[in-house]
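Now for the letters of each chain:
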Amino acid sequence: SLWLPNKIKENKTELIIFFSGHGLATPDGKELYLLAHDSKTASSLLPRTALLRSELFNEIKKLKPKSVNLFFDTCFSGTSRENESLLASAKPIRILSSDDSEIPENFTIFTSSLINQISSGYEEASHGLFSYYLMKGLEGNADENKDKKITNGELYSFLDKNVSEIASELGRQQNPSLVGDPNKVLSNY
């Protein structure tokens, strides 16, 4: 986050963060880490090698951007897309985007799956399933009323329908989530 302060103009910047990778809860299920490619999953090393979600949110809040849109294509269950355990003692996280008291008012958060679900890969597109339909939705496919604007609610509906349908065909359950104002316009095209 050393580069972030130089990129944000207070009350002007509309910040967008996309993360695709692994998420991991602490053993007590109270905190979430976003894992980098070189993060160490041993409990004692996580704080030094991974990014704590609450620290990221607090850093962003201090910089006071106009708005923040976060897209997380990651599982929070402690399991990889291949259904391998990332940390033997990991539990599904209990405090996630559904805990509105933790989320600043100007944040919108889309997550690729619910707490105990695996976020599937989509081999046909060489992407995560959520990432693939996120791109398709933002290209205009999520614009239900064809007004050239995509609201959070329209994008969520598009993601939930398509991601859950393809995941079901893969023999999995996967339901994206949204925290934020569903009527807010996310993009114009």
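In case you missed it, the structure is sitting above this.
Predicted, not measured: the structure shown is a model, and the values here were computed from it. (Residues numbered from 1 in each chain as written. Predicted model: local features only at pLDDT ≥ 70, side-chain atom pairs only at ≥ 80, totals over all residues. Heavy atoms only, no water.)

1. Focus: the sheet that holds strand E2 (residues 22-25)
Through backbone hydrogen bonds, the strands of a sheet pair up, either in parallel or in antiparallel fashion.
Part 1 of the argument: Reading across from one edge, E2-E3-E4 is the order of the three strands in this open sheet, with antiparallel pairing throughout. Each of the sheet's edge strands pairs with one partner strand only, and the pair in question is E2 and strand E4 (51-52).
Part 2 of the argument: One ladder, built from four bridges, connects E2 with strand E3 (residues 32-35); its direction is antiparallel. Bridge pairing in E3 links His22 to Leu35. (Pairing = 2+ DSSP bridges. Helix = DSSP H or I, 4+ residues; strand = E, 2+ residues; numbered from the N terminus.)

2. Focus: the environment of Tyr33
Part 1 of the argument: One can find Tyr33 in strand E3.
Part 2 of the argument: Given a relative accessible area of 8%, Tyr33 falls into the buried group. (Buried < 20%, exposed > 50% of the residue type's maximum accessible area, 1.4 Å probe, protein only.)

3. As for the environment of Asp160
Part 1 of the argument: Position of Asp160 relative to the elements: it lies in helix H4 (residues 152-169).
Part 2 of the argument: Not counting chain neighbours up to four residues away, the residues in contact with Asp160 comprise Asn175 and Pro176. (Contact = heavy atoms within 4.5 Å.)

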